[in-house]
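Residue-level structural notes
What follows is each chain in one-letter form.
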Amino acid sequence: MSVIEAFFLGLIQGLTEFLPVSSSGHLTIFGYLFGLSGEENLTFTVLLHIATVCSTLLVLWKEIVWIFKDIFSKQSWQTYGRLNEGTKFAVNILISMIPIAIVGFFFKDQVEAIFGSGLLIVGIMLFVTALLLAFSYFYKPQPKEQISGWHAFIIGIAQAIAVLPGLSRSGATIATGLLLGNKKEKLAQFSFLMVILPILGEALLDIKKIWETGFATAMNNISTISAIVGFLTAFVTGCLACKLMINIVKKGKLIYFSIYCCCAAIAAIILHVVL
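Residues numbered from 1 in each chain as written. Predicted model: local features only at pLDDT ≥ 70, side-chain atom pairs only at ≥ 80, totals over all residues. Heavy atoms only, no water.

Broken down by element type, the protein carries 15 helices and zero strands. Here the protein, with 275 residues, has 51% of them falling under the buried criterion. Sequence separation of at least 24 residues holds for 80% of the intrachain contacts in the protein that already meet a minimum separation of 6. Entry remark: accessible area of the protein is about 13500 Å², with carbon and sulfur atoms responsible for 72%. (Helix = DSSP H or I, 4+ residues; strand = E, 2+ residues; numbered from the N terminus. Buried < 20%, exposed > 50% of the residue type's maximum accessible area, 1.4 Å probe, protein only. Contact = heavy atoms within 4.5 Å. Areas by Shrake-Rupley, 256 points an atom, 1.4 Å probe, with all protein chains shown as cover.)

Quick look at the structure:
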C-alpha cells in the first residue's frame, strides 16, 4: 500500500465514519479500486477505526466528562426514572449496545460472510441508507424531550443491522432516532458515543485474529509511514466530520446525503458489473 493510497483511505474513513454515507461501503469500493486484499483491508481498517474513535473522544470530550461527573455524583444511581440526566444518558448508551453485542457474539461469522459478498450488497445497502435518510427528512413526528430506554434499544437495533456493508451506521441510528421523534440536539452525540465501545470491542477481536495469523504477515504490504499517514488522516478528517455532522443534524439537512447515497449505490452496482 502506497502512502497516497493510505492517505485517501484515511480520508474516506474519517469523513464517512461520521457522515451518513457508510464508511464500510466506501472502503469496500475503494478497496476494489486500489486492489487491496482482504487481510490487508482488515489490518488497515482496524487502524482507521481506532483513529475515528479517537476523533469522537476529542470532539465530544465535554459530553463524556459531563456523563462521568453525573455518574459519580451523590445522586446518580437511584431508580431508572430518578437517575440524573448524565447517568440516564450513560445507561441508555449501554442499553443501545445490547443488539450489537448479540450480533457480535452469536452471528459474527454470518456477518463476515456478508461482508465478503462484494460490491452488489454495498450498492443495495447504500440505497437502503438513502431511503432511511429521506424518510427521516420528510417524516415529522411529535418531538420527545429525552431519549428513552426503549428508544435507545431500537436505535441499537438499527446499529446492529448497520454492520451490513453499505448501510451507514450513523445514518441508520440518527435516522431511526429522528423517526422516533427524538430531539436533534442530543441525537448526534448519542449516536457517536454509543458506537465507541462496540468499535473498540470489534477492533480487539480483529487484532486477536491478526495476531493469530501473524502480525508481520498482516502488515507485510503496509509500511510504517503508510500506517501513520492513514491514521493521522482519518483522525483529523474524523474530527472535522464529527463536528460538521452534529451541526447538520441540528439543521435537519440529511436529504442531501440521501441523494449522495443513491449516486454512490449506482456507482457500486456499476463497478460490480464491470469488475
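The structure having been displayed, the exposition proceeds.
Applying the stated criterion across every chain yields a total of six aromatic pairs. By way of ring pairs, the aromatic residues W66, F89 and F190 are connected into one cluster. The ring of W66 carries K186 above its face, with NZ or CZ at 4.5 Å from the centroid. (Phe/Tyr/Trp six-rings, centres within 6.5 Å; stacked < 30°, edge-to-face > 60°. Lys NZ or Arg CZ within 6 Å of the ring centre and 35° of its normal.)

As a further point, take a nonpolar patch on the surface. Among the surface-exposed residues, Y32, F127, I266, I270, V273, V274 and L275 lie close enough to one another that they form a single nonpolar patch of about 720 Å² accessible area. With four residues, helix α15 (residues 255–274) is the largest single contributor of residues to the nonpolar patch. For F127, the position within the fold is in helix α8 (residues 119–138). (Patch = residues over 30% accessible without salt bridge, like charges linked within 9 Å, V, L, I, M, F, W, Y side chains within 5 Å. Salt bridge = Lys/Arg side-chain N within 4 Å of Asp/Glu carboxyl O.)

To continue, consider the packing of helix α5 (residues 85–96) against helix α9 (residues 149–161). α9 packs onto α5 with a crossing angle of 40 degrees between their chain directions and a minimal axis gap of 7 Å. What the angle tells us is that α5 and α9 run oblique. As for how α5 packs across α9, the hand of that crossing is right-handed. Taking contact as the criterion, the partners of N92, I95 and S96 in α5 are, on α9, G149, A152, F153, G156 and Q159. (Axes fitted to C-alpha atoms, helices over the stretch in contact; angles between N-to-C directions. Parallel < 35°, antiparallel > 145°, perpendicular 65-115°, else oblique. Left-handed = near helix turned anticlockwise from the far one by under 90°.)

Turning our attention to empty space enclosed by the protein. Enumeration according to the criterion identifies one cavity of 30 Å³ or more in this entry. Empty space within the largest cavity amounts to approximately 50 Å³. For the largest cavity, the full set of lining residues is E17, F18, T52, V53, T56, R169, F192, V195, I196 and I199. Breaking the lining of the largest cavity down by element, the ones donating at least two residues are α3 (38–59) and α12 (196–213). (1 Å grid on protein atoms, 1.4 Å probe; cavity = no way out; pocket = protein on both sides within 12 Å on 5 of 7 lines; lining within 4 Å. Points joined across faces, edges and corners; volume = space filled by probe spheres on them.)

Turning our eyes to something else, we now look at the packing of α8 against helix α10 (residues 169–179). Two numbers describe how α8 lies on α10: the axes approach to 9 Å, and their chain directions differ by 30 degrees. Between α8 and α10, the crossing angle belongs to the class labelled roughly parallel. For the pair α8 and α10, the crossing hand works out as left-handed. Between α8 and α10, the residues in contact are L132, L133, F135 and S136 and G171, A172, A175, L178 and L179, respectively. Its residues placed into classes, the contact of α8 with α10 shows seven nonpolar, two polar and no charged. (Nonpolar A, V, L, I, M, F, W, Y, C, P; charged D, E, K, R; others polar.)

Along its 28 residues, helix α14 (residues 224–251) runs 40 Å from first to last C-alpha, staying within 8% of the 40 Å computed at 1.5 Å per residue. Positive phi shows up at G252, right after α14, with a value of about 70 degrees. (Expected span 1.5 Å × (residues − 1).)

Within the secondary structure, S22 is located in the loop between α1 (3–16) and α2 (23–34). Taking relative accessible area as the criterion, S22 reaches 2% and is therefore assigned buried. Among the polar contacts listed, one links the side chain of S22 to the backbone nitrogen of G25, at a separation of 2.9 Å. Apart from the residues within four sequence positions on either side, S22 is in contact with T16, L126, P165, G166, L167 and S168. (Polar contact = N/O pair within 3.5 Å; in protein donor to acceptor, adjacent residues only side chain to side chain.)

Here we take up the nonpolar core. Ranked by size, the top nonpolar core spans 54 residues in total, and within it F190, F192, L193, M245 and L254 carry the most contacts. Residues in contact with L193, not counting those within four places in the same chain, are L60, E63, I64, I67, F89 and I93. A6, L9, F44 and A234 belong to the second largest nonpolar core, which has nine residues in total. (Core = buried A, V, L, I, M, F, W, Y, C linked by side-chain atoms within 4.5 Å.)

A few words now on the layout of surface pockets. The calculated volume of the second largest pocket comes to roughly 340 Å³. I67, F68, A90, I93 and L197 are, among the 15 residues lining the second largest pocket, the residues nearest its centre. For the lining of the second largest pocket, the secondary-structure elements that each account for two or more residues are α4 (61–71), α5 and α12. Considering only residue class, the lining of the second largest pocket consists of 15 nonpolar, no polar and no charged.

The values reported here are purely geometric and, on their own, carry no functional implication.
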